[in-house]
Amino acid sequence: MHIYIARLISLVTLVAAVALADSPRQTISPRQTMPLNKSWTFQLGDPPDAGKSDFDDSAWRSVNVPHDYSIEGPMGSDPANMDGPFDRKSPSSMFQNRDRVVETGGGGYLDAGIAWYRKTFTLPATAKGKRVAIVFDGVYMNSDVYLNGKHLGNHPYGYTPFQYDITDDLKFDAQNTLAVRCNVEQPCSRWYSGAGIFRPVQLVITDPLHVAPWGTYVVTEKAGPDSGDFTVTVHTTVRNDSDAPKLCKVSTKLFDLGVRKPDQPSDEFNHIPPTTSEKTSLRDAVPEGISDEQTIASHSEVTLTTKFKVANPNLWSVDSPHLYRAQTSVMESGKPVDTVSDRIGFRTIEFTKDNGFLLNGKRLQIQGTCNHHDLGALGAAFNRRAMERQLQILKEMGDNALRTSHNPPAAEFLDLADELGFVVMDEAFDEWKNGKTKFGYGRFFDDWSERDLVAMIKRDRNHPSVIMWSIGNEIPEQGAKNAGEMARRLSDIAHREDPTRPTVSACNRPNDAVRMGFADALDVLGINYNINHYDIQKGRTLIGSETASALSSRGEYGLYLDEDGQVKIRNRFNHQCTSYDLDRPQWGHTAQTSLLALKNHPWVAGEFVWTGFDYIGEPTPYTWPARSSYFGIVDLAGFPKDRYYLYQSQWTDKPMVHLLPHWNWEEFAGKEIPVWAFTNADTVELFLNGKSQGTREAKDLVQLHYEWKVPYEPGTLKAVAKKDGQIVATDEVVTAGPPAKLELTADRPTIQADGDDLCFVTVKVLDKDGHICPNADNEVSFAIEDPAVIAGLENGDPTNHEAFQNTAARKVFHGLALAIVRSQETGGTVKLTATAEGLFPATISINLKPPASE
């Protein structure tokens, strides 16, 4: 995604005059990019003539975008089927299987349908002579866009960016009316899709001679196999929309941004002004490349190339994600008429057949997760801070890789991956022509697949985090007669647009993929679940593109007494799944099984676990009343499950130990409770109320956990982990008393007062001594002061039918809940108060910091 950076004076008055309600982050002249996210009107339904300029929308609701109208829970056709916002008969969760309809819960029992958005804005007469485009990063789905009553176009796929040049249809010094229609027919997805303008929108104003949309392609290559120097080649597509030929050249300069500090806000790092005062490892001069001059005919475009060398730049890696800024200007008569910027990184990537994946020449075990795009209680509406929080939680677990399953992500997702240090499998499609759902992408594949794949690659190809292009997930055609031909077509398109990265597809039928030539069209063969194919396909370049699918519910363990009075573990019960790593669907594996498979097959590049976070929809192994998944290592509220610490024990070196289950088992007094520990230490000794229960050693492990049988008595269960004979980590679980009080903890004490930033507040139910009550399910009520609002509430229970957008109250699940606070555009301090019957209340203060003036 371009970061537009030139700052001249000529159009400052234009910025001041544009009545868009949004404040631009940067004044950029001659190019301006202005967010168009605030003060839209919205209406569910399909009123006639809503695309016309004179349509009366005064009774419509005011919303900001990104916005997801499905998460709000519009009513289903029959109120008798509704439970809160959830519709038992929602078509989103009913799938056609041959001659019968099967309930799967795939869409999370949330409806969608048709809806409209409208917005008015004014451009002054001084904007005449410029080119103006409106850019959508994603509208779900099948959108139609109108400007001043004129239909600009239809864009079916909800996940790819698109834009329209609106110059010829604009009014100046008069009101313009923009209207967007979304048509979400269900079922359109196998998971919760969301609905609406769910990613950012912006206006881009340029000189008629300008860089084309996503028109810079920056390639960094080592100067030689043993050299630390790199060659930078920038291919810039310049468009001339004037009525006369233009003589121009392109200049590219490079600036060093460094590595984002752990405590540095993303917003601060992302908007460092492009000056030569930036700290630099580029010695005394800023590297610059200048193209030859070339004449561009009227209403046409040409790609110009600049090239220069950089001596020994700092490399981008998952541990040190060092970034640079490539600033590219179009020069006419010696003056810049357009300037854009791309953040880039210097790194080399290589997938090998016998040694996995190499980053900067060294083997990197891909320790990744698959993730859908929804953000829990916020739905599918993209929010930078919400996504950043998810990635930070995964990073702490040891995750170093992300798969954008099963669609292109929001542009800012990749900005965060660049900053935080993740490698990314960027995925285009979940289906090709042979659709998986009645109203899925298969309807559009023939006409749109090349356009959508190209849009994804052109937008994303300058990100150092992206290391491969996935052309599809579990594509039904992998076993078809024309499988190889279809895969080759998409793979060739990817290679044409970016020859520097390999193509991959996630294959759930690798035998068919190999037999029908599908696999031969790929640079890397992705294997979903079929771990036996790590041996069968040895000799190919392999990645575990989707692994595990282990099932669990946070805080649920399924302990019961069998006929002999012995404590046993029930994997599934009451629409929940045990948190012991024992449960999986028929096609999947436990987390431990998948991890061991990778340990035993070092030629495989690594894995992407299904999934990092729980997500709305696809509530396998259940249907109603379950409305969200059980696959996540982290629950829908962002609270780690026990499995999180299993991965942390295998994916990190920082000493740790984690015990499960909790220690409130009064009904099993004297009975032997199965106790597990995850650790990366050599030994773990377990104590109950100070008495040793025995030591377990890593050398004796068959699975990836330590286990004891401990007769239950209340008190303190403590694990002591040692390495080389020294204590390196401990963990305790304590028998909690009755619920006595609430506690609120904010993820950050200060957030930006920009109307978009979020503070995630954890709600805990504690006993009088401050121990969390693991069985508490109290209902907690919330009150918040201006200038902030509660954007959503969640507790991680996949069966909970309280509305995500209910901001007044929420039950805790196993003692925890989450309140998401959204800032408004006024600075100050706000207080969030939580109360519950019979419990001492809690209050927390959150500081709202006005954004720095531009």
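Look a little higher up for the structure.
About the cut-offs
- Residues numbered from 1 in each chain as written.
- Predicted model: local features only at pLDDT ≥ 70, side-chain atom pairs only at ≥ 80, totals over all residues.
- Heavy atoms only, no water.
- Helix = DSSP H or I, 4+ residues; strand = E, 2+ residues; numbered from the N terminus.
- Buried < 20%, exposed > 50% of the residue type's maximum accessible area, 1.4 Å probe, protein only.
- Contact = heavy atoms within 4.5 Å.
- Expected span 1.5 Å × (residues − 1).
- Polar contact = N/O pair within 3.5 Å; in protein donor to acceptor, adjacent residues only side chain to side chain.
- Phe/Tyr/Trp six-rings, centres within 6.5 Å; stacked < 30°, edge-to-face > 60°.
- Pairing = 2+ DSSP bridges.
- Axes fitted to C-alpha atoms, helices over the stretch in contact; angles between N-to-C directions.
- Parallel < 35°, antiparallel > 145°, perpendicular 65-115°, else oblique.
- Left-handed = near helix turned anticlockwise from the far one by under 90°.
- Salt bridge = Lys/Arg side-chain N within 4 Å of Asp/Glu carboxyl O.
- Lys, Arg positive; Asp, Glu negative; His and termini not counted.

Description of the side chain of Asp583
So, point 1. Inspection of the secondary structure puts Asp583 in the loop between strand S36 (576-577) and helix H9 (591-599).
So, point 2. Judged by relative accessible area, Asp583 falls into the buried class, the value being 4%.
So, point 3. Contact partners of Asp583, with chain neighbours within four places excluded, come to Ala550, Leu551, Asn571, Arg572, Cys577 and Thr590.

Quick word on helix H3 (residues 384-397)
So, point 1. An ideal rise of 1.5 Å per residue puts 20 Å on 14 residues; H3 measures up with 20 Å between its terminal C-alpha atoms.
So, point 2. For H3, the tally of buried residues reaches 11 of 14 residues, placing the bulk of the element in the interior.
So, point 3. Three or more residues of H3 are buried, namely Arg384, Arg385, Ala386, Met387, Glu388, Arg389, Gln390, Leu391, Ile393, Leu394 and Met397.
So, point 4. At the N-terminal boundary of H3, the capping side chain belongs to Asn383, with an oxygen 3.0 Å from the backbone nitrogen of Arg385.
So, point 5. Looking at the residues trailing H3, positive phi occurs at Gly398, about 105°.

Side note on the packing of aromatic side chains
So, point 1. As enumerated under the stated definition, the model contains 35 aromatic pairs in all.
So, point 2. Look at Phe429 and Phe445: their rings are 6.3 Å apart centre to centre, the planes differ by 75°, and that puts the pair in the edge-to-face class. Residue Phe429 is found in the loop between strand S28 (423-427) and helix H5 (445-460), and its partner Phe445 is found in helix H5; the two are separated by 16 residues along the sequence.
So, point 3. Relative accessible area serves as the criterion here: at 1%, Phe429 is assigned to the buried category.
So, point 4. The buried category is assigned to Phe445, whose relative accessible area is 3%.
So, point 5. A centroid spacing of 5.9 Å and a plane angle of 20° characterise the contact between Trp432 and Phe445, whose relative ring orientation is stacked. Here the residue Trp432 occupies a position in the loop between S28 and H5, and Phe445 occupies one in helix H5, the gap between them amounting to 13 residues. When sorted by exposure, Trp432 lands in the same class as Phe445, which is buried.

Some details on the sheet that holds strand S37 (residues 606-610)
So, point 1. Taken in spatial order, the eight strands close into a barrel running S26-S27-S28-S29-S30-S31-S32-S37, and their pairing is parallel. Sheet twist, expressed as the average angle between the axes of neighbouring strands with direction ignored, equals 25°.
So, point 2. With three bridges joining them, strand S32 (residues 542-548) and S37 adopt parallel strand pairing. Note that in S37 the partner of Thr547 across the bridge is Val609.
So, point 3. Against the sheet, H9 engages S32 and S37, with an angle of about 170° to S37.

Quick notes on the sheet that holds strand S9 (residues 131-136)
So, point 1. Spatially, the four strands line up as an open sheet ordered S1-S14-S9-S12, and their pairing is antiparallel. Across the chains shown, the open sheet's two edge strands, defined by having one partner strand only, are strand S1 (32-35) and strand S12 (162-165). Averaged over neighbouring strand pairs, the angle between their axes works out to 20° when direction is ignored.
So, point 2. Taken together, the four bridges between S9 and S12 define a ladder with antiparallel strand orientation. The partner of Val135 across the bridge, within S12, is Gln163.

Details of the packing of H5 against helix H6 (residues 483-497)
When two helices pack together, their arrangement is given by the angle between the helix axes and the distance between those axes.
So, point 1. Between H5 and H6, whose axes approach to 9 Å, the crossing angle comes to 30°. Regarding the angle of H5 to H6, the classification is roughly parallel. In this structure, the crossing between H5 and H6 has a hand that is right-handed. Along the contact surface, H5 presents Phe445, Ser449, Glu450, Leu453, Val454, Ile457 and Lys458, while H6 presents Met486, Arg489, Leu490, Ile493, Ala494, Arg496 and Glu497.

What about the pattern of salt bridges?
So, point 1. A complete count under the given rule lists 51 salt bridges for this structure.
So, point 2. For Lys699, the salt bridge goes to Asp700, with nearest N and O atoms at 3.5 Å.
So, point 3. For Lys699, a relative accessible area of 66% translates into the label exposed.
So, point 4. Ionic contacts of the salt-bridge type, sharing partners, join the residues Arg260, Arg343, Arg384, Arg385, Glu388, Glu412, Asp415, Glu419 and Asp747 into one network.

Brief notes about the pairing of S32
So, point 1. In terms of burial, S32 is a largely internal element, seven of the seven residues being buried.
So, point 2. Where strand S31 (residues 524-528) meets S32, three bridges bridge the pair, whose relative direction is parallel. Bridge assignment links Asn528 to a residue of S32, and that residue is Glu546.

Description of the side chain of Glu474
So, point 1. Structurally, Glu474 can be placed in the loop between strand S29 (466-473) and H6.
So, point 2. The charged side chain of Glu474 is buried without a salt bridge, its nearest counter-charge being Arg190 at 4.7 Å.
So, point 3. Looking at Glu474, its side chain comes within polar contact range of the side chain of Asn528, at 3.0 Å.
So, point 4. Setting aside residues no more than four positions away along its own chain, Glu474 makes contact with Lys436, Ala506, Asn508, Asn528, Tyr529 and Glu546.

A closer look at the pairing of strand S39 (residues 672-679)
So, point 1. Counting buried positions along S39 yields seven of eight residues, so the element is predominantly enclosed.
So, point 2. Alignment of strand S38 (residues 657-660) against S39, held across four bridges, turns out to be antiparallel. Following the sheet pairing, Val657 is matched in S39 by Thr679.
So, point 3. Where S39 lies against strand S42 (residues 706-711), six bridges are found, and the strand directions are antiparallel. Residue pairing in the sheet places Val675 in a bridge with Trp708 of S42.

Examining the environment of Phe42
So, point 1. Inspection of the secondary structure assignment puts Phe42 in strand S2 (residues 40-44).
So, point 2. Taking C-alpha positions, Phe42 is 20 Å from Gly153, a pair spaced 111 residues apart along the chain.
So, point 3. Excluding residues that lie within four positions of it along the chain, Phe42 makes contacts with Trp60, Arg61, Val63, His67, Tyr69, Ala115, Trp116 and Tyr117.

Comments concerning unusual backbone geometry
So, point 1. With omega at -15°, the peptide bond leading from Tyr140 into Met141 counts as cis.
So, point 2. In this model, Asp49 sits at a positive phi of 70°, which is unusual for a non-glycine residue.
So, point 3. Locating Asp49 in the fold gives a position in the loop between S2 and strand S3 (61-63).
So, point 4. Asp49 gets classed as partly exposed once you look at its relative accessible area, which sits at 45%.
So, point 5. For Ser333, which is not a glycine, the phi torsion comes out positive at approximately 55°.
So, point 6. Of note, Ser333 is situated in the loop between strand S21 (323-332) and strand S22 (335-344).
So, point 7. Residue Ser333 is classed as exposed on the basis of its relative accessible area, which comes to 69%.

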